[in-house]
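Each chain is listed here by its residues.
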Amino acid sequence: MFGNQTEKKTGGPQSRKKKDAEEEKNVRDEVDFVDEKTHLKLSSCPSSGSFDSSSPTSSSATSSAPSSTSSIRARRNWSVFSERLRETLDKSRKSSSSSSSESLILFDVKCDIDCMWIYQRDNSSFDSDLDDFCGDDSHLRIFKFFPPKKEISLHSLASGFDNTGNVRIWPGSEALAWMIQKHSSTLLAPGNRILELGAGFLGLSSFLIAKQFPETTVWITDGNMESISSLEQIRMANPDLLDRIHVRQLIWGEGLLETARFNTILAADCVFFTEYHESLMKCIHSHLAPNGHAVISSPRRKQSLQKFLDYVQASWCDEFSVELNTDLNSILDQKIGRIWSSSEEKDEKYPVIITLKRIG
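Residues numbered from 1 in each chain as written. Predicted model: local features only at pLDDT ≥ 70, side-chain atom pairs only at ≥ 80, totals over all residues. Heavy atoms only, no water.

**Considering the sheet that holds strand β10 (residues 351-358)**
And step 1. The strand order β6-β5-β4-β7-β8-β10-β9 describes an open sheet built from 7 strands, whose pairing is mixed. The open sheet has two edge strands, β6 (245-249) and β9 (320-323), and neither has a second partner. Ignoring which end each strand starts from, the neighbouring axes of this sheet average 20 degrees apart.
And step 2. With 7 bridges connecting them, strand β8 (residues 288-299) and β10 associate as antiparallel partners. If you follow His293 over to β10, its bridge partner there is Lys357. (Pairing = 2+ DSSP bridges. Helix = DSSP H or I, 4+ residues; strand = E, 2+ residues; numbered from the N terminus. Axes fitted to C-alpha atoms, helices over the stretch in contact; angles between N-to-C directions.)

Right, dumping it as structure tokens:
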């Protein structure tokens, strides 16, 4: 007993071994990583369409959280997730190249000469590996984009505004876009003004809406300036959508867009961090028109979604009612609910669609 206490105080072999293990883990956590599925697809495609985060922009994924999230908190929250991404990446590299076809769940990506395209998924138009197309596929194109050229490290994740929207195309974003495409009349409030919060580097839902509904004006926002640069680049690359898309940086609870209020606000994968539930709701409250809808798409992820709903019902019950969209989530579950390898992975990645309806 006394020997163990002495060893602990003097930094004996066991203490040093534990310290070395912790240091090794910290080093691993600093290794650059991206989502394995998207990375495998993007890495095989040309990238001459540059993603220049330093270029100026006239004018956000996952969150527009203030920079106080940096360093220790961000490192703590993302070290476990980065470890899981790294493990999956290692497995994916050992598997056949057909795994790259799983780049997205509900949409498809096609490489072009100098860019990439988001496509509607239509199995009749694709061959077995979903990389080559049969016949004219122009009717399936939604919009072109350029992938981020540089990988994302934990250091960059922990620096400045939340950078997680540049890591990958998140399942919540895909699910939201797919559900809007299939059931827009149920999710979108009447009116032609849409705002997306935390849009990340792609803004999938916003560009899809602009493409599908030509009479609609869409504002795409994020707090991270790299995301803003990417969104503005995509906007410029799709001239048919140029006049109906506005890209701006927006910090939840701090900034206010100088425009009329919106009929519908979209937020995918934006409720993971409970400390920003209040700022997110303040942003929604400031920008949503009376009788408007705020559509939230997020996995349950360790009860973070439930905590958000509890907060809304406790603090905003006079302003918003909560619609759980049971029928729509049942459709989504039938579509992608069985693709996750474990209940833990499903909890982390499988999105649920929630609608907050503004009262009056």
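Moving on, there is more to tell.
**Thoughts on the pattern of salt bridges**
When the charged atoms of two side chains with opposite charge come close together, those side chains can pair.
And step 1. Applying the stated criterion to the full structure yields 8 salt bridges.
And step 2. In this structure, Arg235 engages Glu232 in a salt bridge whose closest nitrogen and oxygen atoms are separated by 2.9 Å. Residue Arg235 and its partner Glu232 are both found in helix α8 (residues 225-237); the two are separated by 3 residues, about one turn of the helix. (Salt bridge = Lys/Arg side-chain N within 4 Å of Asp/Glu carboxyl O.)

**Examining the packing of helix α6 (residues 171-187) against helix α11 (residues 326-336)**
And step 1. Where α6 meets α11, the axes come as close as 11 Å, and the angle between the chain directions of the two elements is 145 degrees. Where α6 crosses over α11, the handedness of that crossing is right-handed. Judged by residue contacts, Ala175, Trp178, Met179, His183, Thr186 and Leu187 of α6 engage Leu328, Ile331, Leu332 and Lys335 from α11.
And step 2. In terms of residue class, the contact of α6 with α11 is made up of 7 nonpolar, 2 polar and 1 charged. (Left-handed = near helix turned anticlockwise from the far one by under 90°. Contact = heavy atoms within 4.5 Å. Nonpolar A, V, L, I, M, F, W, Y, C, P; charged D, E, K, R; others polar.)

**Details of the sheet that holds strand β1 (residues 107-111)**
And step 1. Overall, antiparallel pairing links the 3 strands, which are arranged β1-β2-β3 in an open sheet. Bordering the open sheet on either side are β1 and β3 (141-145), each of which pairs with just one other strand. Taken pair by pair, the neighbouring strands of this sheet meet at an average axis angle of 25 degrees, ignoring direction.
And step 2. As defined by bridge partners, β1 adjoins strand β2 (residues 116-120) across 5 bridges and the pair is classed as antiparallel. Along β2, the bridge assignment pairs Lys110 with Trp117.

**Examining the nonpolar core**
And step 1. In this structure, Phe143, Leu197 and Ile284 are the most contacted members of the largest nonpolar core, which totals 72 residues.
And step 2. Broken down by element, this core gets its largest block of residues, 7 residues, from α6.
And step 3. Once residues within four sequence positions are removed from consideration, Ile284 is found in contact with Leu197, Ile265, Ala294, Ile296 and Phe320.
And step 4. Listed in part, the 6 residues of the second largest apolar core include Trp117, Tyr119, Leu140 and Ala237. (Core = buried A, V, L, I, M, F, W, Y, C linked by side-chain atoms within 4.5 Å. Buried < 20%, exposed > 50% of the residue type's maximum accessible area, 1.4 Å probe, protein only.)

**Considering unusual backbone geometry**
And step 1. Phi is positive for Asp269, which is not a glycine, with a value near 55 degrees.
And step 2. Structurally, the position occupied by Asp269 is in the loop between β7 (262-268) and α9 (277-287).
And step 3. Overall, the relative accessible area of 2% leaves Asp269 in the buried class.
And step 4. Not every positive phi belongs to a glycine, and Gln303 is a case in point at roughly 70 degrees.
And step 5. For Gln303, the location among the structural elements is in the loop between β8 and α10 (304-315).

**Description of the packing of α6 against helix α7 (residues 204-212)**
And step 1. Viewed as axis vectors pointing N to C, α6 and α7 meet at an angle of 20 degrees, and their least axial separation amounts to 8 Å. Considering their axes alone, α6 and α7 lie roughly parallel with respect to each other. Considering only the axes of α6 and α7, their crossing is right-handed. Judged by residue contacts, Ser173, Glu174, Leu176, Ala177, Ile180 and Gln181 of α6 engage Leu204, Ser205, Leu208, Ile209 and Gln212 from α7.
And step 2. Of the residues that constitute the contact of α6 with α7, the class distribution is 6 nonpolar, 4 polar and 1 charged. (Parallel < 35°, antiparallel > 145°, perpendicular 65-115°, else oblique.)

**As for the packing of aromatic side chains**
And step 1. This structure, assessed with the given rule, holds 4 aromatic pairs.
And step 2. Ring geometry for Phe145 against Phe201: centres 6.5 Å apart, planes inclined by 50 degrees, an arrangement best described as tilted. On the criterion of sequence distance, the pair formed by Phe145 in strand β3 and Phe201 in the loop between β4 (193-197) and α7 is long-range, its members being 56 residues apart. Per residue, the accessibility class of Phe145 equals that of Phe201, and both read buried. (Phe/Tyr/Trp six-rings, centres within 6.5 Å; stacked < 30°, edge-to-face > 60°.)

**Structural notes on α8**
And step 1. Given a rise of 1.5 Å per residue, 13 residues ought to cover 18 Å, and the 18 Å separating the end C-alpha atoms of α8 matches this to within 8%.
And step 2. Counted residue by residue, α8 has 10 buried out of 13 residues, so it is predominantly covered.
And step 3. Considered for burial, the residues of α8 that qualify are Glu226, Ser227, Ile228, Ser229, Ser230, Leu231, Glu232, Ile234, Arg235 and Ala237.
And step 4. At its buried positions, α8 is contacted by β3, α7, β5 (217-222) and β6.
And step 5. Near the N-terminus of α8, the side chain that reaches the backbone nitrogen of Glu226, with its oxygen 2.8 Å away, is that of Asn224. (Expected span 1.5 Å × (residues − 1). Polar contact = N/O pair within 3.5 Å; in protein donor to acceptor, adjacent residues only side chain to side chain.)

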